[in-house]
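Overview (structure and organization)
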Amino acid sequence: MNRPNLILTSLYRSPCGDMLLGELGGALCLCDWVANPKRRAVDAAMLRLSGAEFCVAPSAVTQMAAQQLDEYFAGYRRSFDLPLRFIGTEFRRRVWKSLCDIPYGGTISYGALAERLGDRRAVRAVAAAVGANPMSVVVPCHRVIGGDGRLVGYAGGLEAKRFLLQMENATAAVVR
């Protein structure tokens, strides 16, 4: 079932919380925490920008994503090999694509990410885009930390962020 006007969704149970996987047009467009406090806003933006509707149905892409997530959580996978479809503004898509360049076990501050994107003064806009990432874990926004090395903001909650960074043996201080 590959219909361009449907986002096919399925539930994924990770060791640190349930996630909603979604596929649109043969690519993963959603891998977000079910308990995300911004869940409704994420969903509304996806529907508005894609012109699609949600449909609970498995797909080859969400099954492949679940398999790769299982491998990641088992410690066998350090990066994901999935077709991705970024649904967002041009700026947000640029930020999300840059998140994919943060290596496994590494971290970057919001300020350094803004600088990498070409404008250190855009740190708040970059932080907002990171916070709106609809593909957590696969597009590793958990690797973005505060300028002082502290864990700040994460759609899955700080405990999930801490879990992911500790699992990856992140080089930054995982404290507070």
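Relevant structure appears above.
Read on for an overview of the structure. Keep in mind that this is a model prediction, so the values were computed, not measured.

**What about the nonpolar core?**
Across soluble globular proteins, you tend to see nonpolar side chains buried next to one another. In this structure, Trp33, Leu69, Leu99, Leu113, Val130 and Val137 are the most contacted members of the largest nonpolar core, which totals 41 residues. Among the secondary structure elements, those contributing two or more residues to this core are β2 (17-24), β3 (27-33), α2 (60-73), α3 (90-99), α4 (110-116), α5 (123-131) and α6 (158-167). Per-element tally for this core: the top contributor is α2, with 6 residues. Excluding anything up to four places from it in sequence, Leu69 contacts Tyr12, Leu21, Cys31, Phe80, Val137 and Val138. Counting residues in hydrophobic clusters, the runner-up holds 9 residues, among them Ile7, Leu30, Val42 and Met46.

**What to know about the pairing of strand β1 (residues 6-14)**
If a strand is regular, its side chains alternate between the two faces of the sheet. Of all 9 residues in β1, 7 are buried; the element is thus mostly enclosed. Across 4 bridges, β1 lies against strand β4 (residues 53-56) in parallel orientation. By the bridge assignment, Ile7 is partnered in β4 with Phe54. With 7 bridges connecting them, β1 and β2 associate as antiparallel partners. Bridge pairing links Arg13 to Asp18 in β2. The hairpin formed by β1 and β2 contains 2 residues between the paired strands.

**Brief notes about α2**
Counted at 1.5 Å a residue, the expected span for α2 with its 14 residues is 20 Å, and the 20 Å between its end C-alpha atoms agrees. Within α2 the residues assigned to the buried category are Val61, Thr62, Ala65, Ala66, Gln68, Leu69, Tyr72 and Phe73. Next to the buried residues of α2 lie β1, β2, β3 and α6. Looking at the residues trailing α2, positive phi occurs at Gly75, about 90°.

**Considerations on the environment of Met19**
When you line up the elements, Met19 lands in strand β2. Setting aside anything within four residues of it in sequence, one finds Met19 in contact with Ser10, Leu11, Tyr12, Ser14, Cys31, Asp32, Trp33, Val34, Ser136 and Val137.

**Re α5**
Of all the positions in α5, only Val126, Ala129 and Val130 are classed as buried. Each buried residue of α5 lies within a common arc of 100° when the element is viewed along its axis, so the set occupies one face.

Cut-offs used in this document
One numbering rule holds for all chains: residues counted from 1, following each sequence as written. In keeping with the model being predicted, local features are shown solely for residues with a pLDDT of at least 70 and side-chain atom pairs are shown and tallied solely at 80 or more, while totals for entire chains, interfaces and linings include all residues. Side-chain measures were taken over the full set of non-hydrogen atoms in the model, leaving aside hydrogen atoms and water. Put simply, buried Ala, Val, Leu, Ile, Met, Phe, Trp, Tyr and Cys residues joined by side-chain atoms within 4.5 Å make one nonpolar core. Three exposure classes are used, based on accessible area relative to the maximum for each residue type with a 1.4 Å probe and protein chains only: buried under 20%, partly exposed in between, and exposed over 50%. Where helices and strands are cited, they refer to DSSP runs of H or I of at least four residues and of E of at least two residues respectively, numbered from the N terminus. In what follows, residue pairs with any heavy atoms lying within 4.5 Å of each other are defined as contacts. Between any two strands, at least two bridges found by DSSP are needed for them to pair. Expected span, for any helix, means 1.5 Å times one less than how many residues it has. Here the arc refers to the set of directions running from the helix axis out to each C-beta atom.

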